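In case you want the letters, here they are:
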Amino acid sequence: MATILDGKALSKDLKIALADKVRESGLSPKLAVVFDPKNDGSRLYVGMKQRAAAKVGIATEDIAVADDVTTEAVLKIVADLNADPSVTGILVQAPLPEAVNDQQVFSAIAPEKDVDGLGAFNQGMLFGDQPGEYAVAATPQGVMTMLKHYDIDPYGKKAVVVGRSQLFGRPMAALLNNANATVTLAHRYTPREMLLDSLKDADIVVVGVGIANFITGDQIKDGAVLVDVGMNVVDGKATGDIEFASAEKKASFITPVPGGVGPMTIATLLENTFAAALNQEKNQ
Ligand SMILES: Nc1nc2c(c(=O)[nH]1)N[C@@H](CN(C=O)c1ccc(C(=O)N[C@@H](CCC(=O)O)C(=O)O)cc1)CN2
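Analysis parameters
Within every chain, residues take consecutive numbers counted from 1 along the sequence as written. In keeping with the predicted nature of the model, local features appear solely for residues at pLDDT of at least 70, side-chain atom pairs appear and are counted solely at 80 or more, and the whole-chain, interface and lining totals rest on all residues. Calculated side-chain values reflect all of the structure's heavy atoms, with hydrogen atoms and water omitted. pLDDT runs from 0 to 100 and stands for how confident the predictor is about each residue. UniProt positions are given in the numbering used here, feature names are shortened, and annotations may be inferred rather than shown by experiment. Numbering of helices and strands runs from the N terminus, with a helix taken as a DSSP run of H or I at least four residues long and a strand as a DSSP run of E at least two residues long. If a single non-hydrogen atom of a residue is within 4 Å of a molecule or strand, that residue counts as near it. Throughout this description, a polar contact denotes any pair of N or O atoms lying within 3.5 Å of each other; where both atoms belong to protein, one of them has to be capable of donating a hydrogen while the other can accept it, and for residues adjacent in sequence the pair is counted only when both atoms sit in side chains. Reported accessibility uses the Shrake-Rupley method at a 1.4 Å probe radius. Residues are deemed covered only where the shown protein chains occlude them. Note on contacts: a residue pair is in contact if any heavy atoms of the two residues lie within 4.5 Å. By this definition, two strands are paired if DSSP reports at least two bridges between them. Three exposure classes are used, based on accessible area relative to the maximum for each residue type with a 1.4 Å probe and protein chains only: buried under 20%, partly exposed in between, and exposed over 50%. By the criterion used throughout, a crossover qualifies as right-handed when its path from the first strand across the helix to the second strand runs clockwise, the strands pointing away from the viewer. Every axis corresponds to a line fitted to the C-alpha atoms, with the helix fit spanning only the stretch in contact, and the corresponding angles, defined between N-to-C directions, vary from 0 to 180 degrees. What makes a crossing left-handed is the near helix being turned counterclockwise from the far one by less than a right angle; a clockwise turn instead makes it right-handed. Basic side-chain nitrogens of Lys or Arg form a salt bridge, by our definition, when they fall within 4 Å of a carboxyl oxygen of Asp or Glu. Angle categories are assigned with fixed cut-offs, so that under 35 degrees is roughly parallel, over 145 is roughly antiparallel, 65 to 115 is roughly perpendicular, and the rest are oblique. The nonpolar class holds Ala, Val, Leu, Ile, Met, Phe, Trp, Tyr, Cys and Pro. Asp, Glu, Lys and Arg form the charged class, and all remaining residues, Gly among them, are polar.

## Some remarks on the confidence of the model for the chain
Keep in mind that low pLDDT regions are not for reading the predicted coordinates in detail. Within the chain, residue pLDDT values average 97, and 100% of them lie at 70 or more. In the model output, the complex is listed with pTM 0.96 alongside ipTM 0.88.

In structure tokens, the structure reads:
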């Protein structure tokens, strides 16, 4: 039976430690959150982020955009936030309304305020293995923190990342590559047989495709580490992309859904926000 990678418990500890650091720093970090209030998921996640930020001493400012907002209008909002010295971090909750080019907006955020690490500059630094002071996307960074906490070292391992979104798969593959794993990045155009072939000898599998129970226990190697980034609703219940019941019998470690990667995403965003405020203070 696998050990559970308990993101809920770990994120709680990280937030307690972060609250102390924020208090001791004497800084007043402020996170501006640009989001689409008509999107149910965004409303839920932004609410969770605001409540968690308040608990660790990070202020938030919400900027709800209208249904018919244009890319240009959101770029103007971001430019104003970039220029506002009271705002130390900017988060654009994806997805924005359909007409908006999310990636263009992410890349307009000043790199030192890009606490979600989704802009081209921050992603470029990550891909060059030199993130330094520039934040890395919260979901994959949270996965790496969780692996480290449980002493799982990707060095020399075979890792398969399933899903190549800007939010998760691409930065996840880069982080595992930077940590010296040999990485396969599979996606919707990877033939099923090719994916199954990669999975059967993978030491670490990280999945985020948004299809409930997409990976099952019979497809993975005995003792594999399984990380589930999926968040689907089946019969009213949060369900991951990995079929937990069959996979936990074969894996050495596995993340649950809920309670795995999701809470780590939020804790990591808050850590990135505090680090950005510290760096801005240091560099001014
Ligand atoms: N700008 C961004 N947009 C989006 C991101 C992101 O990291 N940056 N990620 C996702 C959603 N997301 C954060 O924004 C997120 C998803 C899920 C959770 C979470 O804690 N989930 C809970 C379960 C909640 C439930 O029961 O419904 C869990 O896994 O335990 C946190 C954050 C999309 N957009």
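What follows picks up the thread again.
## So, the UniProt feature "domain: Tetrahydrofolate dehydrogenase/cyclohydrolase NAD(P)-binding" (unreviewed entry) in the chain
The positions that UniProt labels "domain: Tetrahydrofolate dehydrogenase/cyclohydrolase NAD(P)-binding" (unreviewed entry) are, in the present scheme, residues 138–279. As annotated, residues 138–279 has a helix share of 39% and a strand share of 18%, and its two end C-alpha atoms lie 18 Å apart.

## Looking at the site of the ligand
Close to the ligand lie 19 residues; Lys49, Val92, Gln93, Asp116 and Gly259 are nearest. Ala94 places a main-chain nitrogen or oxygen 3.1 Å from a nitrogen atom of the ligand. With respect to the ligand, the side chain of Asp116 contributes an N or O atom lying 2.6 Å from a nitrogen atom. Protein chains bury 80% of the 690 Å² of accessible surface belonging to the ligand in isolation.

## Concerning the environment of Ala53
Position of Ala53 among the secondary structure elements: in helix α2 (residues 40–56). As for Ala53 and Ala275, which are separated by 222 residues in sequence, their C-alpha atoms are 14 Å apart. In contact with Ala53, not counting residues within four places along its chain, are Ile58, Thr60 and Leu270.

## Remarks on the UniProt feature "domain: Tetrahydrofolate dehydrogenase/cyclohydrolase catalytic" (unreviewed entry) in the chain
Within this numbering scheme, the UniProt entry marks residues 5–116 as carrying the feature "domain: Tetrahydrofolate dehydrogenase/cyclohydrolase catalytic" (unreviewed entry). Between the first and last C-alpha atoms of residues 5–116 the distance is 23 Å; the span itself is 50% helix and 14% strand.

## A few points about the sheet that holds strand β11 (residues 253–254)
The strand order across the open sheet formed by 6 strands is β1-β11-β8-β7-β5-β6, and the pairing between neighbours is parallel. Looking at strand neighbours, the two that pair on one side only are β1 (3–4) and β6 (182–186), the edges of this open sheet. Sheet topology places strand β8 (residues 225–228) next to β11; 2 bridges connect them, and they run parallel. Within the sheet, the bridge partner assigned to Val225 lies in β11 and is Phe253.

## A word on the pairing of strand β2 (residues 30–35)
Judged by how many residues are buried, β2 sits mostly within the fold: 5 of 6 residues are covered. Sheet topology places β2 next to strand β3 (residues 59–64); 6 bridges connect them, and they run parallel. Its bridge partner being in β3, Val33 is matched across the sheet by Asp62. Once you follow β2 into α2 and on to β3, the crossover reads as right-handed. In terms of strand pairing, β2 meets strand β4 (residues 89–92) through 4 bridges, oriented parallel. Bridged to Leu31 within β4 is Gly89.

## Quick word on the packing of helix α6 (residues 138–149) against helix α7 (residues 169–178)
It is the contact of α6 with α7, at a shortest axis distance of 9 Å, that shows an interaxial angle of 35°. Crossing geometry of α6 relative to α7 is assigned as right-handed. Only Pro171, Met172, Leu175 and Leu176 of α7 make contact with α6, whose side of the interface consists of Pro140, Gln141, Val143, Met144 and Leu147.

## What about the pattern of salt bridges?
One side chain can pair with another of opposite charge once the charged atoms of both are near each other. In this structure the tally under the stated criterion is 9 salt bridges. Between Arg43 and Asp40 there is a salt bridge; the shortest N-O distance is 3.0 Å. Placement of the pair is Arg43 and Asp40 together in helix α2, with a separation of 3 residues, close to one helical turn. Asp40 sits in the exposed class, given a relative accessible area of 55%. Note that Lys158 is salt-bridged to Asp201, the shortest N-O span being 2.7 Å.

## Brief notes about the sheet that holds β3
The 3 strands are arranged β3-β2-β4 in an open sheet whose pairing can be described as parallel. Two strands bound the open sheet, and with one partner strand each, they are β3 and β4. Pairs of neighbouring strands in the sheet enclose a mean axial angle of 20°, with direction left out of account. Packing against the sheet, helix α3 (residues 71–83) makes contact with β2, β3 and β4, and its axis sits at approximately 180° to β2.

## Structural notes on the packing of helix α5 (residues 120–127) against α7
Two elements in contact, α5 and α7, have axes whose closest approach is 9 Å; the angle formed by their N-to-C orientations is 30°. In terms of orientation, α5 lies roughly parallel with respect to α7. Between α5 and α7, the contacting residues are Gln123, Leu126 and Phe127 on the first element and Arg170, Pro171, Ala174, Leu175 and Asn178 on the second. The residue makeup of the contact of α5 with α7, split by class, is 5 nonpolar, 2 polar and 1 charged.

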